[in-house]
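# Topology and contacts: notes
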Amino acid sequence: MAVLNVVVLNPLADRHLEVIQAVDPDINIIVTDEKSALEKMPGCHILVTWGWAETRPLYLAAPHLEWIHALSAGVEKLIFPELQSADTILTNSKGIHGIPVSEHILAMMLAFSRGLTISIRQQEAKKWKRMPTTELHEQTLAIVGLGSIGREIAKKAKALGMRVLASKQEVTTELFVDKLYPPDNESLLEMLSQADFVVIALPLTEHTQNMISLPHFTAMKRSAYLFNIARGTVVNEADLITALEQKLIQGAGLDVFATEPLPETSLLWNMPNVIITPHVAALSPAYLDRAIKLFADNLTRFIQGRDMINIIDKEKGY
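Residues numbered from 1 in each chain as written. Predicted model: local features only at pLDDT ≥ 70, side-chain atom pairs only at ≥ 80, totals over all residues. Heavy atoms only, no water.

A few words now on the overall build of the chain. The number of helices and strands found in the chain is 11 helices and 12 strands. Rg of the C-alpha trace for the chain: 21 Å, near the compact-globule value of 20 Å for 318 residues, within the 12% margin. The principal-axis extents of the C-alpha atoms in the chain amount to approximately 65 × 45 × 35 Å. Going through the 318 residues of the chain one by one, you find that 50% of them count as buried. (Helix = DSSP H or I, 4+ residues; strand = E, 2+ residues; numbered from the N terminus. Rg over C-alpha atoms; globule rule 2.2 N^0.38 Å. Buried < 20%, exposed > 50% of the residue type's maximum accessible area, 1.4 Å probe, protein only.)

Here it is, written out as structure tokens:
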């Protein structure tokens, strides 16, 4: 095989370069940024980028490109007509996000259940007043979209004594799920009606855009909390604001939004029953180490002609 040119649109430490180079010492690794990437594309065979990066211009300038790998799980900006109709392989980094995202979700759930959201505001005001608290133990968690992240959330929730419900496309045996639901809307509404905490963990596709809307909030308990660590537009944000204002649900923990950064004019900023984090749920000092290890494994498979992991169905978008 001729020398492979691998263009990476993210800074890499020496240890990351060593992991890739260990697959084949003759691989030519080109680390660049989006501004300078275009000039690197004519000779590029493999592109390593992010799922939200504008990749189409790079793709059109890369006649020898055989494979695009996303360092993220989401690949929404990597699905475009030219790629869909080509033989170019598309993979993602699914499977590396579960640990930090599940801890982020638990932090938000515990913050609400133990009244920490109120305590922090009272601390700033030097106000000594006890607040209502509850427990996660024996509460019901519903996970909408049981992928690798959802499974890690379910695992940690069961360790805390929670009842776990989940929905997914295919019926499978799930060790940490008490009941599994199909993804149709009627089943989803039934699942949501039982939940004290709801986590949205779906990929963003044509079919999941604005999937969670006012009827779903209406079906939920008035005491329930919604958490979104998927993509902002999987949830209809205007409907969510309505649900919070009308107290159809108790509160929300949000790491993703329809527009990022979240505009200063958003009503969500000043809602006392909302936790806002700036799309950081998956961040971890170990993130890139895990992502590069996964890429190197797939690179080995690619070179050896073996089945690759995390291949995206370009029609479905996941």
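Attention shifts here to the pairing of strand β6 (residues 140–144). With five of five residues buried, β6 is to be regarded as a mostly interior element. Side-chain alternation along β6 places T140, A142 and V144 on one buried face and L141 and I143 on a second face that is also buried. Pairing of β6 with strand β7 (residues 163–167), which is carried by five bridges, proceeds in the parallel orientation. Considered in β7, the bridge of V144 is made with S167. In the classification by handedness, the crossover that spans β6, the intervening helix α7 (residues 148–159) and the parallel β7 is right-handed. As judged from the four bridges shared by β6 and strand β9 (residues 197–200), these two strands associate in the parallel manner. When the sheet's bridge partners are listed, V144 is paired in β9 with I200. (Pairing = 2+ DSSP bridges. Right-handed = clockwise from strand over helix to strand, strands pointing away.)

As paired elements, strand β1 (residues 5–8) and strand β2 (residues 28–31) share four bridges and run parallel to each other. Paired with N5 across the bridge in β2 is N28. Handedness of the crossover is the feature at issue here: the chain leaves β1, passes through helix α1 (residues 14–21), returns alongside β2, and the resulting connection is right-handed.

This part covers the environment of F197. By the element assignment, F197 lies in strand β9. Judged by its relative accessible area of 3%, F197 falls in the buried class. Between the C-alpha atom of F197 and that of G251, which follows or precedes it by 54 residues, the distance is 9.7 Å. Not counting residues up to four positions away in its chain, the partners in contact with F197 are M109, L136, Q139, T140, L141, A142, M162, Y225 and F227. (Contact = heavy atoms within 4.5 Å.)

For the rest of this paragraph, the subject is the side chain of T32. Position of T32 among the secondary structure elements: in the loop between β2 and α2 (34–37). Residue T32 is classed as buried on the basis of its relative accessible area of 12%. In this structure T32 touches V7, V8, L9, N10, A37 and K40, once residues within four positions along its chain are discounted.

Before going further, it helps to spend a moment on the sheet that holds β6. Across the sheet, which stays open at both edges, the seven strands sit in the order β8-β7-β6-β9-β10-β11-β12 with parallel pairing between neighbours. A single partner strand is all that each edge strand has here, and the edge strands are β8 (179–181) and β12 (274–276). Here the strands of the sheet are splayed against their neighbours by 15 degrees on average, with no regard to which way each runs. Where β7 and β8 come together, three bridges link them in parallel fashion. Pairing of L165 across the sheet is with K179, part of β8. Across the sheet, helix α5 (residues 98–113) is in contact with β6, β9, β10 (225–228), β11 (251–254) and β12; its angle to β10 comes to roughly 155 degrees. Against the sheet, α7 engages β6, β7 and β9, with an angle of about 175 degrees to β6. (Axes fitted to C-alpha atoms, helices over the stretch in contact; angles between N-to-C directions.)

Let us now look at the nonpolar core. Counting residues in hydrophobic clusters, the biggest one holds 51 residues, and the most contacted among them are I46, M109, L141 and F227. Element by element, the count of residues in this core is highest for helix α11 (residues 287–304), at eight residues. The contacts of M109, once residues within four sequence positions are left out, are L136, L141, M162, F197 and F227. Counting residues in each nonpolar core, the second largest holds 32 residues, with A142, L262, M271 and V274 among its members. (Core = buried A, V, L, I, M, F, W, Y, C linked by side-chain atoms within 4.5 Å.)

It is worth spelling out the packing of aromatic side chains at this point. For the structure on display, the rule yields nine aromatic pairs. Measuring from ring centre to ring centre gives 4.9 Å for W50 and W52, while their planes differ by 25 degrees; the resulting arrangement is stacked. Site record: aromatic cluster; members linked through ring pairs are F112, F197, Y225 and F227. (Phe/Tyr/Trp six-rings, centres within 6.5 Å; stacked < 30°, edge-to-face > 60°.)

In any sheet, the strands associate via hydrogen bonds between backbone groups, in a parallel or an antiparallel arrangement. Strand order in the open sheet formed by five strands is β2-β1-β3-β4-β5, with parallel pairing between adjacent strands. A strand with exactly one partner marks an edge of an open sheet, and here the two such strands are β2 and β5 (89–91). Strand-to-strand twist across the sheet, computed as the mean angle between neighbouring axes with direction ignored, equals 15 degrees. Sheet topology note: the β1/strand β3 (residues 46–49) ladder contains three bridges and is parallel. From the neighbouring strand, V7 faces β3, where its bridge partner is L47. Taken strand by strand, α11 contacts β1, β3, β4 (67–70) and β5, and its axis lies near 160 degrees from that of β4.

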